Amino acid sequence: MDEQDKGKSASVTKKKQEVGKKRIEDPKGTGIVKDERFLLHCCPFGSEHGKSECPERLTKIHKKLKDYGLLDRCVQVQARLASNEELLFCHSQDYVNKMRSTATMALDQIQELSNTYDSIFICKDTFVTACLAAGSLIGLTAKVVSGELKNGIAIVRPPGHHAQESIANGYCIFNNVAIAARFAKEKFNLERILIVDFDVHHGQGIQYLFEYDPSVLYCSIHRYDNKEYYPRLVDSNSEHIGQGRGQGYNINIPWNAAGFGDTEYLAAFQQVILPVAYEFNPQLVLVSCGMDAAIGDPKGEFNVSPACYAHITSMLMGLADGKICFSLEGGYCLESLAEGIAMVTRTLLGDSCPLLQPQQQPHESAVESILETIANIKPFWKCLQFQGSIKDDANFSEEKPTSGSDMNPEPVSTLANMMAEIKLAVPEHRTCLVYDEKMKLHKSAFCHPECPERISRIFEKHHELGLVDRCRRLPSRYAIHKEIELCHNLDYILSIEKTKTTSFRELSKLQEDYNSIYLHQETYDSACLAVGCVLSVVDNVLGGKCVNGTAIVRPPGHHAEVDDACGFCFFNTVAIAAKYAQQFYAAKRVLIIDWDIHHGNGTQNMFVKDPSILYVSLHRYDKGFFFPGSSRGDANKVGLEKGAGFNINIPWNWSKMGDAEYLAAFQQIIMPVAYEYAPDLVLVSAGFDAALGDPLGGYSITPEGYAHFTHMLSSLANGRVIIVLEGGYNLTSISNSMARCTQTLLGDPCPILNAGRPNQDAITSIWDALQCQRPYWKCLQFQRLLPYKPSSQDNQSEDFQDSAAGGDSTTRHLMAASASDTSVDDLIQSTSEMSVSSTACPDDSFYSCSSDMPQSPEAAEIKNQSPDESLHKTQPDGSSKEVEEDLGAVGGEVKSGTVGTVKDFLGNVAGDDLQLFAVVPLTWCPHLEAVTPLPEDGLHVDEPCLECGDRKENWVCLECYKVLCGRYVECHMVKHGEESGHNMVLSYADLSVWCYGCDSYVHNQIVIPMKRAAHISKFGEDIPGY
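Residues numbered from 1 in each chain as written. Predicted model: local features only at pLDDT ≥ 70, side-chain atom pairs only at ≥ 80, totals over all residues. Heavy atoms only, no water.

1. Some details on the confidence of the model for the protein chain
Turning to step 1, where the next piece is worked out: In the predicted model, the protein chain carries a mean pLDDT of 84, and the fraction of residues at 70 or more is 82%.
Turning to step 2, where the next piece is worked out: Between residues 1-27, whose pLDDT stays under 50, and residues either more than four places distant or in other chains, the model counts 10 contacts.
Turning to step 3, where the next piece is worked out: Low pLDDT, under 50, characterises residues 390-411; the predicted model gives this stretch 32 contacts beyond four residues in sequence or across chains. (pLDDT = per-residue confidence, 0-100. Contact = heavy atoms within 4.5 Å.)

2. Quick look at the pairing of strand β4 (residues 193-197)
Turning to step 1, where the next piece is worked out: Counting buried residues in β4 gives five out of five residues, a clear majority hidden from the surface.
Turning to step 2, where the next piece is worked out: Burial along β4 is two-sided: the residues I193, I195 and D197 and L194 and V196 are all buried.
Turning to step 3, where the next piece is worked out: Pairing between β4 and strand β5 (residues 216-223): five bridges, direction parallel. Residue pairing for β5: I195 is matched across the bridge by Y218.
Turning to step 4, where the next piece is worked out: Chirality of the crossover, the property in question, places the unit of β4, helix α9 (residues 204-210) and β5 among those that are right-handed.
Turning to step 5, where the next piece is worked out: Pairing analysis gives five bridges linking β4 to strand β7 (residues 284-289), with the strands arranged parallel. When the sheet's bridge partners are listed, D197 is paired in β7 with S288. (Buried < 20%, exposed > 50% of the residue type's maximum accessible area, 1.4 Å probe, protein only. Helix = DSSP H or I, 4+ residues; strand = E, 2+ residues; numbered from the N terminus. Pairing = 2+ DSSP bridges. Right-handed = clockwise from strand over helix to strand, strands pointing away.)

3. Observations concerning the side chain of E86
Turning to step 1, where the next piece is worked out: Relative to the helices and strands, E86 is located in helix α4 (residues 84-87).
Turning to step 2, where the next piece is worked out: If sequence neighbours within four positions are ignored, E86 has contacts with R80, L81, I138, I179 and F183.

4. Structural notes on the packing of aromatic side chains
Turning to step 1, where the next piece is worked out: According to the stated counting rule, one finds 31 aromatic pairs in the structure shown.
Turning to step 2, where the next piece is worked out: Considering the side-chain rings of Y524 and F571, the 6.1 Å spacing of their centres and the 85° angle between planes classify their relative orientation as edge-to-face. Placement of Y524 in helix α20 (residues 523-542) and of F571 in the loop between β11 (546-551) and α21 (573-585) is noted, with a sequence separation of 47 residues between them. As far as the burial class goes, Y524 and F571 line up, both buried.
Turning to step 3, where the next piece is worked out: Relative to Y729, the ring of F568 lies with its centre 5.7 Å away and its plane at 90°, an arrangement referred to as edge-to-face. Highlighted residues: F568 in the loop between β11 and α21 and Y729 in the loop between β16 (721-725) and α25 (731-745), separated in sequence by 161 residues. (Phe/Tyr/Trp six-rings, centres within 6.5 Å; stacked < 30°, edge-to-face > 60°.)

5. Quick word on the nonpolar core
Turning to step 1, where the next piece is worked out: In this structure, F174, W381, F571 and W595 are the most contacted members of the largest nonpolar core, which totals 265 residues.
Turning to step 2, where the next piece is worked out: Core analysis: the next-biggest nonpolar cluster, separate from the first, contains 21 residues, V941, M984, V1002 and V1007 among them. (Core = buried A, V, L, I, M, F, W, Y, C linked by side-chain atoms within 4.5 Å.)

6. Comments concerning empty space enclosed by the protein
Turning to step 1, where the next piece is worked out: In total, this model carries nine cavities of 30 Å³ or more according to the counting rule given.
Turning to step 2, where the next piece is worked out: In terms of lining residues, the largest cavity is bounded by 25 residues, among which M317, G350, R430, H711 and G747 are the most central.
Turning to step 3, where the next piece is worked out: Secondary structure elements with two or more residues in the lining of the largest cavity: α11 (306-317), α12 (334-348), β11 and α25. (1 Å grid on protein atoms, 1.4 Å probe; cavity = no way out; pocket = protein on both sides within 12 Å on 5 of 7 lines; lining within 4 Å. Points joined across faces, edges and corners; volume = space filled by probe spheres on them.)

7. Let's talk about the packing of helix α3 (residues 56-67) against α12
Turning to step 1, where the next piece is worked out: Where α3 contacts α12, the two axes come as close as 9 Å, and the packing angle between them is 50°. Comparing their axes, α12 and α3 come out oblique. The two elements α3 and α12 meet at a crossing, and its hand is right-handed. Where α3 approaches α12, its residues E56, R57, K60, I61, K64 and L65 are matched on the opposing element by L334, E335, L337, A338, E339, I341, A342 and T345.
Turning to step 2, where the next piece is worked out: When the residues that make up the contact of α3 with α12 are grouped by side-chain class, the tally is seven nonpolar, one polar and six charged. (Axes fitted to C-alpha atoms, helices over the stretch in contact; angles between N-to-C directions. Parallel < 35°, antiparallel > 145°, perpendicular 65-115°, else oblique. Left-handed = near helix turned anticlockwise from the far one by under 90°. Nonpolar A, V, L, I, M, F, W, Y, C, P; charged D, E, K, R; others polar.)

8. Focus: the pattern of salt bridges
Side chains that differ in sign of charge can pair as their charged atoms come close.
Turning to step 1, where the next piece is worked out: In the structure shown here, the tally under the stated rule is 28 salt bridges.
Turning to step 2, where the next piece is worked out: The shortest N-O distance in the salt bridge between E335 and K60 comes to 3.1 Å. Here E335 is found in helix α12, whereas its partner K60 is found in helix α3, with 275 residues between them in sequence.
Turning to step 3, where the next piece is worked out: For E335, a relative accessible area of 29% puts it in the partly exposed group.
Turning to step 4, where the next piece is worked out: Its salt-bridge partner being R192, residue E191 comes within 3.9 Å of it at the nearest N-O pair. Grouping residues by exposure puts E191 and R192 together as buried.
Turning to step 5, where the next piece is worked out: Among the charged side chains, a network of salt bridges with common partners joins K60, K64, E335 and E339. (Salt bridge = Lys/Arg side-chain N within 4 Å of Asp/Glu carboxyl O.)

9. A closer look at the packing of helix α7 (residues 126-146) against helix α8 (residues 176-188)
Turning to step 1, where the next piece is worked out: One can describe the packing of α7 onto α8 by two numbers: an axis separation of 9 Å at closest approach and a directional angle of 40°. Here α8 runs oblique to α7, going by the angle between their axes. α8 is crossed by α7, and the crossing has right-handed handedness. For the pair α7 and α8, contact is made by A130, A133, A134, L137, I138, T141, A142, V145 and S146 and by N176, V177, I179, A180, F183, A184 and F188, respectively.
Turning to step 2, where the next piece is worked out: Of the residues belonging to the contact of α7 with α8, the class tally is 13 nonpolar, three polar and no charged.

So, in C-alpha cells, the structure goes:
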C-alpha cells in the first residue's frame, strides 16, 4: 500500500469513528405532540358522539404518560396548523372552505351541518383543532423523515382515518395520516410509504384516497361482521385490494366476530402485514393508532392488551430504518386507551416489550379472515407462498384444527390484572458485553478457520463503531466444574482438562479421536473462560442489571455433546447457560435460536426430551450431506416424549440461502412459535458462517439481515436476549455482522433491508418444518389450501408486474422480486445420465414426526434422500464404486443412497437465485490493482512448494508468482502474504482466487487470464467458453 492509499485508509477510519461518536453524543429521540388546544374540540349540542370522542381522552393519556415518566423522556414537538395547501393534499377546496366557515356559524347551523354527515359533531373550535391535528402530524413526520428525530407519536384529535376528500365521517374532519403521507411524498420525494391502521373501525377514507396509488401500501385490521359493523361498507372486505395500478396495495383484514385479542392480532401481523411490508420495503411507516380494539372498549368489544400494542409497535419499528410516526385515532375506554398509548410510547423510546402470556390458538373465524386476505393479495406479493390453492392440488387433504371457540381458552384478564403483571422498571444498563483476549490462546499449530483472530477482529470492530463504550463491559471469569457439569459429565470434563499438561505430540494424536477438533495446552482454559464469560452475561441480564448482552467468545460450543468434543467445540456454552438460568434464576422457559450454518447437534441432543427448553435451528442440511452429516438435523426430528415439539429444525437444501429465506423462516415459524412459547430468556447461538463471503457456509446473509433477526427476538422475554458467538470464518463478515447485532441490542434502528423473495427450495424447507411442527403448536394453523380466485386476478397480477417492470420508481421493488438468474436446465439435461445413490439412514426413526405429510404448494418434486450417505460414481461398466470423503466441519460427510438422476440429487437447483459458486466471491476488491501480468511461460500447476516441496495443496501468488503450500499443509503461502504484503493468490487445487486483504474469494476479469493458464496446465485445454 503506498502513502496515498494509507492516507485514504486512515481518513476512512477516522470518518467512521467520528460517525460513531456523533451517534453516541447526539442520539435521535422520540418526538411527541401534545397541546391543550386539542381539548377545545367538543360537542355543543349533547350528541352521544361527543360523549365518546371527548376531550377527556387526551387528558387521561397525558396523565398516564406523566405518571410513567414518559413525557420527560420524549422530545416535545410544537403543534402547528396545517396550511390550506397542505389540506388540499387530500381534501377539496370547497370542503375545506365549508369546514372553515363553521367558526362563525350559529349553534343551530353547526348542528344542522353536523347532521348531514355520519357520526360527526362540530363546534366553533373544530376547524382550528382539526387543522392543528393535521399540521402537527405533518411537522412530526418532517422531523422523523429528515432524521432530526428517530420516531414519534402525535396525541391529537379529532381523529382522521374515516375522513374523505369532501366528506366528514366517523368523528373525523381531516384525514391526518393521509395528509402526512401525501406531504412526505411531495416534500421528501418518498416512493414507498406504509400506512398501518389497527383502529377497530375500517379507515375507508385512507383506502379511497390511495386505492389507485402503488406508492402507498395501506393495511387495515378492523372489525367487519360481514358488513354489519361501522362503517358498514362492502369496500371494507378483503376482496377490495385497490384499483388500477394500485391493485395489491390495499390490504384489508376484516374480523367477523367479537372478542378477538392478542393472539389474532399477532397472527395478522406475522402472516400478512410483516411479510408484505418487508417485501414493499417502505421508506416511512405511518400508523393510524386507534385503541378501540383494546380490552374494555365499549365500541370494539375486543380484548387486545396494552402489552400487545407494544409488541405490534416493535414489529413495525424494524421497517423503514426505524422512521415511524403514530397518530391517535379512536379508543373509548379511557383507561385502556391511556395504557395502550403509554405502552406504544415506551416502545418507541426503546424500552423492552412487556412479557405476553403464552398465546392461545387463534379463533377459527380469525384464521379464515387471514387466509381470505392472503388468497386475495397472493397474486401480487411474492412473499405469500406458504398456502396452496384448491385449484393447485385437488387431491390435497388437510386436517383442520379444533376451532378457537371449542378450546376452552383462558378467561380474559381484567385491565388491572394485565397492567399489574407488566414490569415497568428499566435496568440501569441496556447492553452488557464480555470479551477476553486470553481466549485467543487456544490455537492450532497449523492455519485453521477457527482462528484466534475471530474474536479480536470482532472486538476491534465494536471499538471502531463506539459500541464498547456504549455497553457495560463485564469482567471475564472461568467456569468451574460444577457449572460445566450442568451439561457435561465429569469424566469428559477431566479428559479435556488433562490436555493442559499433555505434550504437543500427544495432543496431535489425541485430536484425531474427535470429529473436526484441534487441541492445544490452552484449550481447556479457553473453553472454561468462554463458558464463564457467558454465565456472567446471564447473571447481569437475569439479575436485572442489564436488558441484554453480547458475548464475544471462543471456542464455539453448539456441536459439543455431553461426553464428546465435535466440530471445533468442547463445552456447549449456550446449553450450559440455559441450564444455569433455570437452576440459579428460576427461568421456566428458555428459547435457544441457533442460526449457525451448521446444525447444533450437541444442543439438540442435550434437550431432546426437555419441554422447558425450546431449541430452534436454521442450518444448511443438503439432505444430510453437510456437516455434521446426520439425519438428526432434518425437519422431522421434533423431540422425544415430553420434549416432542420443542425441537424445531429448519433444514436448508441445495440452494444458496440469504436474508429473504431466513426472514421467511422467522416470520412463518420462529416468531409465531416463540410468542406461543413465551420464553423467560432468549439465547442465540450466533454463528455467522451463513454470512455473505464465509468460506465454509456459502450463504449470503448480510449484516443488515442479522440486525433484523436480532430485533425480532428482542421483542421476546422482556428484551432478555443474549448473543453468543459460535462459528463464522470470514473475519470481515463476522465482525460486521456481530457488530450489527450489538447495535440492535443497544436500540439503534434496524437498517433498511432489501431482502427480496425466498427461493423455492427455502419455501419447501419451511413448509416441511411447518407440517412437522403443526401438531404441537396452536399458532401454526395458516398453511392450508386457499379458495381459488377468478382468473381475472391472475390477469391483473400480470398487468401489475408488467407495470412494475416499466421503471416507475414507486413500483421498483417489484422489479427485484420478478428478476431471476439464468436457467441451468441445459446443464441438468446434458448430465441426466449421471446418478447419485443413497441408502436409508440407520437412525431414521430417531425422535421423528410422521414422514407422511403434504409437500409444499407449488414446489417442484424433490426426492427424499436420507442423510449419512456416501457418494457413488457410476463406472463405465455400469457398476457403482463407493467414494467416501469425510469433509468434517468444512463441508459434510457423504456415505451411501438410492439411485437418482442429477436433477433428483440437486432438487430445485435451477432456482431463481442460483449462482454456480460454493461460496459467493467478491466481484471486485482494491487489491486487484496489484496483480501483475502472467509470466511468459504461463503457469505450471504441478510445481512444488518452494519452501517444503509439497505438491498436495499449492497456491501461486499473483503478484510475484511464487508457488507455496496452503494453510492445511505448512501455511507457507499464508506466511508469504504476511511477510510480503502480497494479497492475491490462486489455488492450483480448484483454480479459485483468494484475497488475504479482503479475507474473501474474488472473481474478476483481471484474474481470468491466470485462471485460464492454470486450467490449460491442469486439464490440457482452455476453460470452456473462452
